[in-house]
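Residue-level structural notes
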Amino acid sequence: MSILEELKWRGLLYDASEGVAERLAKGPTTLYIGFDPTASSLHVGSLLQILGLARMQRYGHRPIALVGGGTGMIGDPSGKSHERQLLTADKVQENLVGLREQLGRFLDFGDGDGSTSDGGSGSDAALVDNGDWLMKTNLVEFLRDIGKHFTINYMMAKDSVKTRIDKEEGLSFTEFSYMLLQSYDFLVLHDSHGCELQMGGSDQWGNITAGAELVRKLRRKKAYGIVQPLVTTSSGVKFGKTESGTIWLDAERTSPYRFYQFWLNTSDADVVRYLKYFTWLTQDQISELATTHGETPQAREAHRKLASEVTAMVHGADALERAVRSSEILFGAEISDLPVAEILDVFDDVPSSHQPKEGFEGDGKALVEALVDAGLAASKGAAKRLVRDGGAYVNNRRITDERARLTSQDLLHGHLLVLRAGQKKYHLMNLAEGA
RNA sequence: GGAGGUGUGGCCGAGUGGACAAAGGCAGCAGACUGUAAAUCUGCCGGCGUAACGCCUACGGUGGUUCGAAUCCACCCGCCUCCA
């Protein structure tokens, strides 16, 4: 199976330029995907792109991950309905550091430094920053050498521009120029790394084809583009967002436990599609899981496999093991029988806090207050409602008395408290002696 | 600069002197069902409060009229449309 065929059955081939198949059939090439430093971490939405590079690498091609230290200063209007707030230079730099670190984990950089210009031999990945050339570019030269090859007519015809022109708010010249910068990146990488292909999300199609055309015009060489679909959930909710926020790839921002839970909670309608998108499982393995899921959906085998595959890939086998274990402990029925060590283990993964023990002496602390302290309820009124609705649990046992008080009797092993709101939101409280 | 319109809770959107913490919808939360899924149904959905048709805060801002204002008046601010 060729890489294109693989992308196709995975549903990852949204569009590709003419001649890509022929070019890829001829032998290894060099390709790149750009990542914008809009945050200091990538999130699950970017995972598809990263995997795109990794998949190409497995087929012998050479991937380049480009971080937008230069373009990040401008902001890509593609797929955005409003003019964006500019990031400060410091912020861009800060984010760049985080992105570099993360991207490095998914690609094989071989033994070299990855950024050499050996003309594209071998499939060792490279990591580049377009700030390295964009920040040094001279405006007048840029307009003469690059700008001259774009007509306004051509740029206005792009969807990303057109939709913004139609809006009242319009589009600043700054963002309008973004396409030129991205096209220039392609040209630079073509010259320095022999890069012939750019990949990206389908919202990047306009920018990618613009770059490919620039390479063709100026170097009289073919350049190609492949775009992958933007991930959507079947219920129309933005992928990668949960009630508690974005799911990041950084373990500091989204614990492996929550990461694992995110995938485990995938809806049935999406699970097979996500297996294709986000794992390395083969066509056979996935169709087997699809069958199992069709027959015994309640076993949730496809979900488990998805969650463990992706968690292991992003956070490693150890983190996965802990996440699974934590899930078993928390979703198990009788928590009070567990040894301290096991419960404490979960502390690393689940939102937790240390609270002074004093409040629990004597007649104890009001349950509603504890829920607010734990961040499981926004206010005492909200906490009370939660209890009244039957959504509050202490040590996995439902409490329905809104005036309940927690005393030292409720503490596991004398200092641990497991609070829960609803089915899935946990908080572990460690009551330190006199803390 | 002129004329008109508009600004309500996370969003949309009713409400033109009291019964308004403000209809309805969406989003969100919880429960039931089930499988840590979806759909559906039920309840909740400003804060405080043991509770209450109790108190506080809130209908762009400030000030006023009134026993009483989201609702009326004045000025200011934002946004929109048309004219110049």
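The following refers to the structure shown. (Residues numbered from 1 in each chain as written. Chains lettered and ligands numbered in written order. Predicted model: local features only at pLDDT ≥ 70, side-chain atom pairs only at ≥ 80, totals over all residues. Heavy atoms only, no water.)

1. Notes on the packing of helix α15 (residues 301-315) against helix α16 (residues 317-331)
Applied cut-off: Interaxial angles span 0 to 180 degrees and are taken between N-to-C directions of axes, which are lines fitted to C-alpha atoms, for helices over the stretch in contact. Numbering of helices and strands runs from the N terminus, with a helix taken as a DSSP run of H or I at least four residues long and a strand as a DSSP run of E at least two residues long. Each angle is binned into one of four classes, with values under 35 degrees roughly parallel, values over 145 roughly antiparallel, values of 65 to 115 roughly perpendicular, and all other values oblique. Less than a right angle of anticlockwise turn of the near helix away from the far helix marks a crossing as left-handed, whereas a clockwise turn marks it as right-handed. Contact criterion: two residues are considered in contact whenever any of their non-hydrogen atoms come within 4.5 Å of each other. Note on residue classes: Ala, Val, Leu, Ile, Met, Phe, Trp, Tyr, Cys and Pro are nonpolar, Asp, Glu, Lys and Arg are charged, and everything else, Gly too, is polar.
Two elements in contact, α15 and α16, have axes whose closest approach is 7 Å; the angle formed by their N-to-C orientations is 135°. Here α16 runs oblique to α15, going by the angle between their axes. The two elements α15 and α16 cross, and the hand of that crossing is right-handed. Contact residues: Ser308, Thr311, Ala312 and His315 in α15; Ala317, Ala319 and Leu320 in α16. Class assignment for the residues of the contact of α15 with α16 results in four nonpolar, three polar and no charged.

2. Focus: the environment of Thr254
Cut-off, in case you're wondering: Note on exposure labels: buried denotes an accessible area under 20% of the residue type's maximum, exposed denotes more than 50%, and partly exposed covers the range between, all computed with a 1.4 Å probe on protein chains only. Polar contact criterion, stated in full: a pair of N or O atoms within 3.5 Å, where within protein one must be able to donate a hydrogen and the other to accept it, and residues adjacent in sequence count only if both atoms are side-chain atoms.
Secondary-structure assignment places Thr254 in the loop between β8 (245-246) and α12 (256-264). Of the residues examined, Thr254 reaches a relative accessible area of 0% and is grouped as buried. Taking the C-alpha atoms as reference points, Thr254 and Tyr426, separated by 172 residues in sequence, lie 15 Å from one another. Discounting chain neighbours no more than four positions away, the residues touching Thr254 are Thr246, Ile247, Trp248, Phe259 and His315. Among the polar contacts made by the side chain of Thr254, one reaches the main-chain amide nitrogen of Trp248 at a distance of 2.9 Å.

3. As for the pairing of strand β2 (residues 30-35)
Short version of the rule: Here the rule is simple: two strands pair whenever DSSP picks up at least two bridges between them. When the strands point away from the viewer, a crossover counts as right-handed if the route from the first strand across the helix to the second turns clockwise.
Summarising burial for β2: five of the six residues are buried, a large majority. Where β2 meets strand β3 (residues 62-67), six bridges bridge the pair, whose relative direction is parallel. Bridging across to β3, Ile33 finds its partner in Ala65. Once the chain exits β2 it traverses helix α3 (residues 44-58) before rejoining the sheet at β3, and the crossover so formed is right-handed. Where β2 meets strand β5 (residues 195-201), three bridges bridge the pair, whose relative direction is parallel. Residue Leu31 lies in a different strand from β5, and its bridge partner there is Leu197.

4. Quick word on the packing of helix α14 (residues 283-295) against α15
Between α14 and α15, whose axes approach to 8 Å, the crossing angle comes to 140°. By the criterion of interaxial angle, the relationship of α14 to α15 is oblique. Packed against α14, whose contacting residues are Leu289, Thr292 and His293, the element α15 presents Glu301, Ala302, His303 and Lys305 at the interface. Residue classes in the contact of α14 with α15 are distributed as two nonpolar, three polar and two charged.

5. Considering α3
Note on helix geometry: an α-helix contains 3.6 residues per turn, so any two residues three or four positions apart are oriented the same way. Rules: Given the number of residues in a helix, its expected span is that number minus one, multiplied by 1.5 Å.
Between its terminal C-alpha atoms α3 stretches 21 Å, which fits the 21 Å expected from 15 residues at 1.5 Å a residue. Counting buried residues in α3 gives 13 out of 15 residues, a clear majority hidden from the surface.

6. Notes on the environment of Leu431
As for its placement among the helices and strands, Leu431 is situated in strand β15 (residues 425-432). For Leu431, a relative accessible area of 2% puts it in the buried group. Separated by 29 residues in the primary sequence, Leu431 and Glu402 have C-alpha atoms spaced 22 Å apart. In this structure Leu431 touches Gln355, Pro356, Lys357, Phe360, Leu411, His415 and Leu417, once residues within four positions along its chain are discounted.

7. Re the packing of aromatic side chains
The line we're drawing: In this analysis, rings of Phe, Tyr and Trp, with Trp reduced to its six-membered ring, are considered paired at centre separations within 6.5 Å, and the interplanar angle assigns stacked below 30 degrees, edge-to-face beyond 60, and tilted for intermediate values. For a lysine, the NZ atom is tested; for an arginine, the CZ atom; a charge sits over a ring if that atom is within 6 Å of the ring centre and within 35 degrees of the ring normal.
This structure, assessed with the given rule, holds 16 aromatic pairs. Geometrically, the ring pair formed by Tyr32 and Phe186 is edge-to-face, given 5.7 Å between the ring centres and 70° between the ring planes. On the criterion of sequence distance, the pair formed by Tyr32 in strand β2 and Phe186 in helix α10 (residues 178-193) is long-range, its members being 154 residues apart. Neither residue differs from the other here; Tyr32 and Phe186 are each classed as buried. Measuring from ring centre to ring centre gives 6.3 Å for Trp263 and Tyr274, while their planes differ by 85°; the resulting arrangement is edge-to-face. Of this pair, Trp263 sits in helix α12 while Tyr274 sits in helix α13 (residues 268-278); the two residues are eleven residues apart in sequence, bridging distant segments of the chain. Grouping aromatic residues by their ring pairs yields a cluster made of Phe239, Phe259, Phe262, Trp263, Tyr274, Tyr277 and Phe278. The ring of Trp248 has Arg253 lying over it, and the distance from NZ or CZ to the ring centre is 4.3 Å.

8. Looking at the nonpolar core
Note the cut-off: Buried Ala, Val, Leu, Ile, Met, Phe, Trp, Tyr and Cys residues that are joined via side-chain atoms within 4.5 Å together make up what is termed a nonpolar core. Residue ranges for the domains trace back to a domain assignment, done automatically or taken from a database.
Formed by 56 residues in total, the largest nonpolar core has its most connected members in Phe35, Leu47, Leu249, Trp263 and Phe278. Among the elements that make up this core, the one with the highest residue count is α3 (eight residues). Counting contributing residues, this core receives three or more from each of domain 1 (3-228) and domain 2 (241-329). When residues no more than four places from it in sequence are discounted, the contact partners of Trp263 are Val44, Leu47, Phe239, Tyr274, Phe278, His303, Leu306, Ala307 and Val310. Counting residues in hydrophobic clusters, the runner-up holds 27 residues, among them Ile64, Val128, Leu134 and Leu189.

9. What to know about the sheet that holds β3
An order of β1-β6-β5-β2-β3-β4 is seen for the six strands of this open sheet, with the pairing classed as mixed. Of all strands in the sheet, those bounded by a partner on one side alone are β1 (15-16) and β4 (126-129). Alignment of β3 against β4, held across four bridges, turns out to be parallel. Note that in β4 the partner of Ala65 across the bridge is Leu127. Sitting on the sheet, α3 is in contact with β2, β3, β5 and β6 (224-228), with an inclination near 165° to β2. Across the face of the sheet, helix α11 (residues 205-219) comes into contact with β1, β5 and β6 while running at roughly 170° to β6.

10. Describing the side chain of Gln198
Along the chain, the position of Gln198 falls in strand β5. Within the local environment of Gln198, its side chain forms a polar contact with the side chain of Gln182, the two groups lying 2.9 Å apart.

11. Observations concerning the protein's contact with RNA strand B
Selection rule: Put simply, a residue is near a molecule or strand once any heavy atom of it comes within 4 Å of that molecule or strand.
Near RNA strand B, the surroundings consist of 32 residues, among which Asn265, Ser267, Asp268, Lys380 and Arg385 are the closest. Across the atoms of RNA strand B situated within 4 Å of the protein, the share located in sugar and phosphate is 66%. Here a phosphate oxygen of RNA strand B and a side-chain polar atom of Arg385 are 2.8 Å apart. In this structure, a phosphate oxygen belonging to RNA strand B sits 3.1 Å away from a side-chain N or O atom of Arg398. Mapped onto the surface near RNA strand B, the elements with two or more residues apiece are α12, α16 and α19 (380-388). Tallying contributions element by element places α19 first for the surface near RNA strand B, with five residues. Its residues assigned to classes, the surface near RNA strand B comprises six nonpolar, 13 polar and 13 charged.

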